[in-house]
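# Coordinate inspection notes
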Amino acid sequence: MKLLTHNILTSKCLKGVTVGYPLGIVAKEVKVNEVDFNPEFISRMIQKVDWPALCKAAENLGHLDDLPLAVVDDYENNEEFLKKAHHVLMEIEVINGDLICPETGRKFPVTDGIPNMLANEDEV
Amino acid sequence: MSGRPEHQAPPEIFYGEDEARKYTRNTRMMEIQLVMSERAVELLCLPENQPCHLIDLGCGSGLSGETLTEQGHVWTGVDISSAMLGVAKEREVEGDLVLGDLGQGLPFRAGAFDGAISISALQWLCNADQKSHNPAKRLYAFFTSLYGCLSRGSRAVFQFYPENSSQVELITSQAMKAGFTGGLVVDYPNSTKAKKFFLCLMTGGQQPLPTALGVDSREDAPNCVAFSQKRDRMKQLRSGKAPKKSRDWILEKKERRRRQGKETRDDSKFTGRKRPSHVW
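Residues numbered from 1 in each chain as written. Chains lettered and ligands numbered in written order. Predicted model: local features only at pLDDT ≥ 70, side-chain atom pairs only at ≥ 80, totals over all residues. Heavy atoms only, no water.

## Structural notes on empty space enclosed by the protein
Think of a ball as big as a water molecule: rolled over the atoms, this probe shows where empty space is left. Going by this rule: Site definitions follow a grid-based scheme: protein atoms alone, a 1 Å grid, a 1.4 Å probe that fits but cannot get out for cavities, and for pockets an open set with protein on both sides within 12 Å along at least five of seven lines, plus lining residues having an atom within 4 Å of a point. Grid points are joined across faces, edges and corners, and a volume is the space filled by probe spheres set on the points. Any residue outside Ala, Val, Leu, Ile, Met, Phe, Trp, Tyr, Cys, Pro, Asp, Glu, Lys and Arg is labelled polar, Gly included; the first ten of those are nonpolar and the last four are charged.
Under the defined criterion, the tally for this structure stands at one cavity of 30 Å³ or more. Estimates place the volume of the largest cavity at around 100 Å³. Residue lining of the largest cavity: A:Thr10, A:Ser11, A:Cys13, A:Leu14, A:Phe108, A:Met117, A:Ala119, B:Gly100, B:Asp101, B:Gln104, B:Gly105 and B:Pro107, and that is the complete set. Among the residues forming the lining of the largest cavity, the class breakdown is six nonpolar, five polar and one charged.

In structure tokens:
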């Protein structure tokens, strides 16, 4: 599960959850991949991404490095910024661990890079 | 014929490990999925040459997702079968995969995606696989959550196999209730083999539906033999038996009855003669 995906995942399908975002991450295994850099795509994603949640997630995984804690002005033309964003969004992958609902504490296990978001019948 | 898969078992059981592998190795299946995925992306009407963030609903082993990657998009896939997702992982698809039940609602933030495709998955939502399942309720939960996580102005295209018109009615009514506009596009409506149903849903208010393929009957359905009715007739003539209802067939049938010892009228010059065609 890439951090881009984590950034858009919520637990709001559970009963009694209002926002369900952001999900906490406890990772047992993290992998760093090499993914082709597409500045246009990253630039557009930055508009959708919740930046504080992204920084927090990267920090939890120990991969915050030198990622700026706020989106810089004129980021569309700042290739260095876009590359750092790309690295965190697309190249860091959680292989094993848990995602945690911030309102109920319910855990969603991540196995082999795939988060299990299946809810039990009584949770929906 | 085993009938429709969704009548045999719920999807997470039907697509167990063996079936998942078989499905993905089947070259005919792969070709069909490729063509349908490309058509679905076409119907999405995405801005040209722009990589988009898409969701593949019922992504299975990633056959349709690969088309998305090929066209330069970044995608996330959701499926209920861990066996199918396992095969997708083995095939190292580029998209991120999520194990989830579409009928429980999509667990994504508002405006997360620029578009959605779904190939051969929607019909699975129409069956109640557990006692507690209410298909209409699940479809509604699915469509409302989908509407929410699509950015304004984007579309969702579903290729699916409706069992009957009331299923189409059920699906479209829940989608409309959730706020979508749009409708059904039927490609090659006059060909039993090539006919494909695409539900095109839009979030940006009422827009004209894309044109279906093969509606002009001069356009041949791809990968289909033209004149298949003529082929069936040739097969019949070659089989050695007389074609049904001809004089020869009648004489043969009477002979068969006599051999069976049944009471049969004698043959005469009137047996199997051409009757006058007009009605008195």
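Now that the structure is up, let's keep going.
## Things to note about the sheet that holds strand 3 (residues 96-99) of chain B
Residues and elements named next belong to chain B. This is how the line gets drawn: Here a strand pair is declared whenever DSSP counts at least two bridges between the two strands. Here a helix means four or more residues in a row that DSSP labels H or I, a strand means two or more in a row labelled E, and each is numbered from the N terminus. Each axis is a line fitted through C-alpha atoms, taken for helices only over the stretch in contact, and angles between the N-to-C directions span 0 to 180 degrees. Any two residues whose heavy atoms approach within 4.5 Å are treated as being in contact.
Taking strand neighbours across the sheet as the criterion, the seven strands line up as 3-2-1-4-5-7-6 in an open arrangement whose pairing is mixed. Either end of the sheet is taken by a strand with one partner, and the two such strands are strand 3 and strand 6 (181-187). Ignoring which end each strand starts from, the neighbouring axes of this sheet average 20° apart. Strand direction decides the pairing type here: strand 2 (residues 74-79) and strand 3, joined by four bridges, are parallel. Bridge pairing in strand 3 links Asp79 to Leu99. Seen against the sheet, helix 5 (residues 82-90) touches strand 2 and strand 3 and runs at an angle of roughly 165° to strand 3.

## Describing the pairing of strand 2 of chain B
Residues and elements named next belong to chain B. The condition is simple: Accessibility here uses a 1.4 Å probe with only protein chains present; expressed as a share of the type maximum, an area under 20% marks a residue as buried, one over 50% as exposed, and anything in between as partly exposed. Here the term right-handed applies to a crossover when the path leading from its first strand over the helix to its second strand runs clockwise, the strands being oriented away from the viewer.
Taken across its six residues, strand 2 has six buried, putting it largely inside the fold. Taking every second residue as pointing to the same face, both faces of strand 2 are buried, with Val74, Thr76 and Val78 on one and Trp75, Gly77 and Asp79 on the other. With helix 4 (residues 63-70) bridging strand 1 (residues 53-57) and the parallel strand 2, this β-α-β connection has right-handed handedness. Viewed along the sheet, the connection from strand 2 through helix 5 into strand 3 turns out right-handed.

## Looking at the interface of chain B and chain A
Note the threshold: Two parts placed together each lose some accessible area under a 1.4 Å probe, and adding up what both lose gives the buried area. Every case where a carboxyl oxygen of Asp or Glu lies within 4 Å of a side-chain nitrogen of Lys or Arg is listed as a salt bridge. We define a polar contact as two N or O atoms separated by no more than 3.5 Å, with the added condition that, inside protein, one atom must be a possible hydrogen donor and the other a possible acceptor, whereas residues neighbouring each other in sequence contribute only through side-chain atom pairs.
Facing 32 residues of chain B, the contacting portion of chain A comprises 31 residues. At the boundary of chain B with chain A, total buried surface from both sides reaches about 2,600 Å², with 55% on carbon and sulfur atoms. Looking only at chain B, the three residues that lose the most surface to chain A are B:Asp96, B:Gln104 and B:Arg109, adding up to 28% of its buried area. Of the charged contacts, one joins B:Asp114 and A:Arg44 as a salt bridge, the two residues approaching to 2.8 Å between their closest N and O atoms. Linking chain B with chain A are 16 residue pairs in polar contact (both at pLDDT 80 or more), by the criterion used here.

Purely geometric numbers; function is a separate question.
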